[in-house]
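Letter by letter, the chains look like this.
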Amino acid sequence: MSLQEFAKDAEPVYVKKLLGKILGFNIDFYKDDFILRRLRARALIRGKKSLYDYLKLVAKDVTERKKLLEALAIHVSEFFRDPYVWEAVKDEVFKPLIARKKRTSSEIKIWSAGCSKGEEPYTIAILLHEMLEASMTKISFKIYATDIDYKALEAAKRGLYPRQVLVNVPKHILLKYFIKISDNLYAVKPFLKSYIVFKQHDLTKDPPIPNVDVVFLRNVMIYLTKPAQIRILRNIYLALSKNGYLVLGASEVLPGELSKLFTIKNIRARIYVKEA
C-alpha cells in the first residue's frame, strides 16, 4: 500500500488537528510526510487499509494510542554514532572549551536535546571524562539530557543497552564504563550516570536549558516543520553562553534565516559557534 493510496483525499492539516485531539499531544510541528508514514506503518501492523479506518481505531483503542505515540517519537541511535562527528567534537569543540574553562575554573554545561534513550549523553560523558582524565584537568561537567518521551527517558536512566548499539565503542572503553550483564546486554556504570541529569522537555514549547556551553541537537530537526525549526533554534541561540557551540550532526542543516546567528565551525559535522 503506497502512502498516496493510504492517505487518499486526506488533508494533512485536518489529520494533524484531529490526531492531536485524540492523542492529547500537539503534533502540528511535525512534517506532514513524517506523520503520514508513521500512521501508515501502524495501520499496516493493525491490518487497516485506509487512514480513516486507522484513525477510528486510534480514537477508541487506548493501547493503540500509546503505540502510536511511541512510533511518533524518534529513537534511532547508538553510541558514538557517526564517528567522524565525534572526532570533530573532540578536536573543535571540547579541546578549546576545556582550555577556556581551565582559565576560569568553571563547570562545563552541555545540553543533549532530544536525547532519546541516552546513547548520546552517555557518549558525551565518556568523551569528556576521557579527555579531562588524560589532561589531568580538574574541571567538573554536567550534561542535561532531555526528551519529550517519558518512556525513553526512563530507559536512559536505567542505562541498559544491547550489544548492537555499542558497536562503535572500543573494547577498553566498554570495559571502563560498562558492566557486562550478558553476552548481549551492558549496563552503564553508576559513576558515569552521575554526570547526567535526565529531564522531560518539549523543544517546541518549554523554555530552553539556560547558559549552556554546547547544545547537541542531532536527528531531531529533520522531522519538524521549518517554522518549528526556526523557533527552536532561536531559543537555543538564547540558551547558549558566549561563544557556545551548536552540534547538529550530518543529517541536519541550519536554516538560512538563522545564518547571521551562527558561524560555521565544521561544515561536514554541522558544528556552529554562536555569534555575539
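These notes cover the structure that comes with them. Every chain is numbered independently, its residues counted from 1 as its sequence is written. The predicted origin of the model limits local features to residues at a pLDDT of at least 70 and limits the giving and counting of side-chain atom pairs to 80 or more, whereas totals for whole chains, interfaces and linings rest on all residues. Heavy atoms throughout the structure, all of them, feed into the side-chain values; hydrogens and water do not.

**Observations concerning the overall build of the protein chain**
Part 1 of the reasoning: Tallying secondary structure elements over the protein chain gives eleven helices and ten strands in all.
Part 2 of the reasoning: Radius of gyration here is computed from C-alpha atoms only, and the compact-globule reference equals 2.2 Å multiplied by the residue count raised to the power 0.38. By the compact-globule yardstick of 19 Å for 276 residues, the protein chain fits well, its C-alpha radius of gyration being 20 Å.
Part 3 of the reasoning: Seen along its three principal axes, the alpha-carbon backbone of the protein chain occupies a region of about 60 × 50 × 30 Å.
Part 4 of the reasoning: Burial status follows relative accessibility: with a 1.4 Å probe on protein chains alone, a residue under 20% of its type maximum counts as buried, one over 50% as exposed, and anything between as partly exposed. Looking at the protein chain residue by residue over its 276 residues, the buried ones come to 49%.
Part 5 of the reasoning: In what follows, residue pairs with any heavy atoms lying within 4.5 Å of each other are defined as contacts. A separation of at least 24 residues holds for 72% of the contacts in the protein chain among residues at least 6 apart in sequence.
Part 6 of the reasoning: Total accessible area on the protein chain is roughly 13,800 Å²; 54% of this is exposed by carbon and sulfur atoms. Labels follow the DSSP assignment, with helices taken as runs of H or I lasting at least four residues and strands as runs of E lasting at least two, numbered in each case from the N terminus. Computed with a 1.4 Å probe, the accessible areas rest on the Shrake-Rupley method; for each residue, only the protein chains presented here act as cover.

**A short note on the packing of helix α4 (residues 51-60) against helix α5 (residues 62-72)**
Part 1 of the reasoning: Lines fitted to the C-alpha atoms define the axes, with helices restricted to the stretch that makes contact. Angles between their N-to-C directions range from 0 to 180 degrees. Look at α4 against α5: their axes get within 5 Å of each other, and the N-to-C directions meet at 110°. By the angle between their directions, the pair α4 and α5 is classed as roughly perpendicular. Each of Tyr54, Leu57, Val58, Ala59 and Lys60 in α4 lies in contact with α5, whose residues at this interface are Val62, Glu64, Arg65 and Leu68.
Part 2 of the reasoning: Its residues placed into classes, the contact of α4 with α5 shows six nonpolar, no polar and three charged. Comment on the angle field: the value is read as roughly parallel under 35 degrees, roughly antiparallel over 145, roughly perpendicular from 65 to 115, and oblique elsewhere. All amino acids are sorted into three groups, where Ala, Val, Leu, Ile, Met, Phe, Trp, Tyr, Cys and Pro are nonpolar, Asp, Glu, Lys and Arg are charged, and the leftover types, Gly among them, are polar.

**Quick look at the pattern of salt bridges**
Part 1 of the reasoning: Here, a salt bridge means any Lys or Arg side-chain nitrogen found within 4 Å of an Asp or Glu carboxyl oxygen. On inspection of all chains with the given rule, the structure shows 13 salt bridges.
Part 2 of the reasoning: Note that Glu64 and Arg42 form a salt bridge whose closest N and O atoms lie 2.9 Å from each other. With Glu64 in helix α5 and Arg42 in helix α3 (residues 32-45), the pair connects residues that are 22 residues apart, well separated along the chain. Exposure class is identical for Glu64 and Arg42. Each is buried.
Part 3 of the reasoning: With a shortest N-O distance of 3.6 Å, Asp61 and Arg46 are connected by a salt bridge. Of the two residues, Asp61 sits in the loop between α4 and α5 while Arg46 sits in the loop between α3 and α4, which places them 15 residues apart along the sequence.
Part 4 of the reasoning: On the accessibility criterion, Arg46 (34% relative accessible area) is partly exposed.

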